[in-house]
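Listed below are the residues making up each chain.
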Amino acid sequence: MQEGQYESSVPVITDRCHQARVRNALEPEWEARFEPRSYGFRPGRGCHDAIAAIYNVCKGPRARRVWALDADLAAAFDRIDHDRLLASLGSFPARDMIRGWLKAGVFEAGKGFAPTVEGTPQGGVISPCLLNVALHGLEEAAGVCYETSGSRAGETKPGSPVLIRYADDVAVLCCSQQQAGQVKARLAEWLAPRGLAFNEDKTRIVHLSEGFSFLGFNVRRYGPKLLIKPDKAAIRRLRERLASEMRALRGSNAAAVIAVLNPIIRGWAAYYRGAVSSKVFHSLDTYVWRLTFKWARWQHRNKPRSWIVGRYFGAFNRFRNDRWVFGDRDGGTYLVKFSWTGIIRHVMVKGRASPDDPALASYWADRRKKVKPPLDAYTLRLLTRQNARCPLCGEHLLTAGQPPQSPEQWERWWQQVTRKAIAASYLVHNGKPGPGGGDPTRLVHASCHRGLRARTGRQDPVQPHCTPSRLA
């Protein structure tokens, strides 16, 4: 393997089932122990909670913690010490099964069998949970102190550093450069017996006026104000991908361009909609417009610009007064814009709250209701009006699982859940029309819609065979 790459060992399906079973038993026990500012690979928590935690600590002109230790652990999954990890598990009933998975070894192409003397298997269902177990205690090692009584119970003490971790990415917010250096030395000493170490190339101590990157965001103070924006490297990668996709789509029609780019745009905008992203969204809209216009010019090299504009651009979205939307006049679908995704501030999860705590069932139920998927206002109104259920089968339209944690995961969420799971249709259910005088549109499962058409032997005149324009 080349430097910077890691070995991925994917268990067979039987082991994956057993690992999921063991994880479901191990996770609730450790959820009651895990530190409050650990957010990676935990139910109900994610990247945006970690970013919100940084903002809450460093915001305002009176913020005391203006130095950051931006740390990254070198090959954390591959170097975890097995004995330390198994000792942390104590008398857990499936401890011997976990030992077997850790020591199972891997088969490498051209090399045969290779034993595993350290690390957890990349691709294993239980590996993220084991990483969190191995790194439990990182806050205490950094010297983080919490108030234990009074009205400020659960908050960090004044002068104490604040450690925020997402998997193997760590940010420690300190009051001085000297304190940040001391924290780094203590953490390095704590990590060494566990087989872990800092990646010195990616670990640095910076003042917040310089800023640092964390989970694809740039965290930086501008005078008295803290702003968290999409990272420049993430923007550059997106631009390069969009340009590459458009080059690959030369010779295709407008519907193919829309089908490829819409999930990318929606996924990226959904991930960054909780940051200061408005200007970035508008600049990306301009960039995408240039790419689509260039694509159209390449498609029709002998046509004048006025013909190209009339053919591919117009007010395709009837809910927006914008006549420069790229669309397919034959199918009625159109390319969404980054700026159509509204900026919604993420509400951080409270302290040590866990979905496995039965006393907090109402808290998590309310929290799930408040988290809106990245859909347009019209579709959200339909979901709310239907109580997010399909009128044909009565089941939930969207799954309520762990929210995506990256632009790529949001893209897959859009493709697999939204575009394939629900469809808009002017329905007549059980022979009864919708409410009189209202909008007859309903959201249904795509499978239910196909079943309805098969049973009634009809084609919906307003519903195309693919995903409708409102959800494209």
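It should be emphasised that the depicted structure is a prediction, and the values quoted were computed from it without experimental measurement. (Residues numbered from 1 in each chain as written. Predicted model: local features only at pLDDT ≥ 70, side-chain atom pairs only at ≥ 80, totals over all residues. Heavy atoms only, no water.)

Q: Let's hear about the nonpolar core: which residues, and what values?
A: The biggest cluster of nonpolar side chains holds 109 residues, and the ones touching the most others in it are Ile98, Leu187 and Phe338. No other element matches the eleven residues that helix α10 (residues 254-272) contributes to this core. Not counting residues within four places of it along the chain, the set of residues in contact with Phe338 comprises Leu238, Leu242, Ile265, Trp268, Ala269, Phe281, Leu284, Asp285 and Val288. Within the second largest apolar cluster, ten residues are counted, among which are Leu375, Leu382, Val444 and Cys448. (Core = buried A, V, L, I, M, F, W, Y, C linked by side-chain atoms within 4.5 Å. Buried < 20%, exposed > 50% of the residue type's maximum accessible area, 1.4 Å probe, protein only. Helix = DSSP H or I, 4+ residues; strand = E, 2+ residues; numbered from the N terminus. Contact = heavy atoms within 4.5 Å.)

Q: Go over the confidence of the model for the protein, please, and point to the residues and values.
A: When the pLDDT values of the protein are averaged, the result is 82; 85% of them are 70 or greater. Ignoring residues within four places in sequence, the model shows residues 1-8, a span with pLDDT below 50, making nine contacts including any to other chains. Here residues 425-437 is a poorly scored stretch, pLDDT under 50, and it has 21 contacts once near neighbours within four places are set aside; other chains count. (pLDDT = per-residue confidence, 0-100.)

Q: So what's going on with the packing of helix α11 (residues 278-299) against helix α12 (residues 305-312)? Residues and values would help.
A: One can describe the packing of α11 onto α12 by two numbers: an axis separation of 10 Å at closest approach and a directional angle of 115 degrees. α12 is crossed by α11, and the crossing has right-handed handedness. Packed against α11, whose contacting residues are Phe293, Trp295, Ala296 and Arg297, the element α12 presents Arg305, Ile308, Val309 and Tyr312 at the interface. Classifying every residue of the contact of α11 with α12 by side-chain character gives six nonpolar, no polar and two charged. (Axes fitted to C-alpha atoms, helices over the stretch in contact; angles between N-to-C directions. Left-handed = near helix turned anticlockwise from the far one by under 90°. Nonpolar A, V, L, I, M, F, W, Y, C, P; charged D, E, K, R; others polar.)

Q: I'd like a description of the side chain of Arg194, backed by residues and values.
A: Here Arg194 lies in the loop between α8 (177-191) and β6 (204-207). Among buried charged residues, Arg194 stands out as having no salt bridge; its nearest opposite-charge side chain is Glu140, 8.6 Å away. At a separation of 2.8 Å, a polar atom in the side chain of Arg194 contacts the main-chain carbonyl oxygen of Trp190. Residues within four places of Arg194 in sequence aside, it is in contact with Arg79, Ile80, Asp81, Arg84 and Ala134. (Lys, Arg positive; Asp, Glu negative; His and termini not counted. Salt bridge = Lys/Arg side-chain N within 4 Å of Asp/Glu carboxyl O. Polar contact = N/O pair within 3.5 Å; in protein donor to acceptor, adjacent residues only side chain to side chain.)

Q: Let's hear about the pattern of salt bridges: which residues, and what values?
A: Any two side chains of opposite charge can pair, on the condition that their charged atoms come close. Counted by the stated rule, this structure contains seven salt bridges. Between Glu245 and Arg241 there is a salt bridge; the shortest N-O distance is 3.8 Å. A residue pair is termed a helical-turn pair when its members lie 3 or 4 positions apart in one helix, as Glu245 and Arg241 do in helix α9 (residues 232-248) at four residues. For Glu245, a relative accessible area of 22% puts it in the partly exposed group. One salt bridge in this structure joins Arg311 and Asp330, with 3.7 Å as the shortest N-O distance. Of this pair, Arg311 sits in helix α12 while Asp330 is found in the loop between β11 (325-326) and α13 (361-370), placing the two residues 19 residues apart along the sequence. Taking the relative accessible area as the measure of exposure, Arg311 reaches 25% and is therefore partly exposed. Look at Asp330 and you get exposed, because its relative accessible area is 68%.

Q: How would you sum up the sheet that holds strand β9 (residues 225-230)? Please name residues and give values.
A: Taken in spatial order, the three strands make up an open sheet running β7-β8-β9, and their pairing is antiparallel. The outermost strands of the open sheet, each flanked by one partner alone, are β7 (212-214) and β9. On average, each strand axis in the sheet is inclined to that of its neighbour by 30 degrees, with strand direction left out of account. In terms of strand pairing, β7 meets strand β8 (residues 217-222) through three bridges, oriented antiparallel. Looking at β8, one finds that Ser213 is bridged to Asn218. Its contacts with the sheet put helix α2 (residues 47-58) on β7, β8 and β9, and the angle it makes with β9 is roughly 160 degrees. (Pairing = 2+ DSSP bridges.)

Q: Any details on the sheet that holds strand β5 (residues 169-174)? Residues and values, ideally.
A: Read from one edge of the open sheet, four strands run β4-β5-β1-β6, paired in antiparallel fashion. Every interior strand has two partners, whereas the edge strands, β4 (162-166) and β6, have only one. Taken over all neighbouring pairs, the strand axes of this sheet differ in orientation by 20 degrees on average, direction set aside. By the bridge criterion, six bridges tie strand β1 (residues 67-72) to β5 in an arrangement that is antiparallel. Paired with Asp70 across the two strands is Ala171, which belongs to β5. Each of β4 and β5 touches α2; the most contacted strand, β4, lies at about 165 degrees to it.

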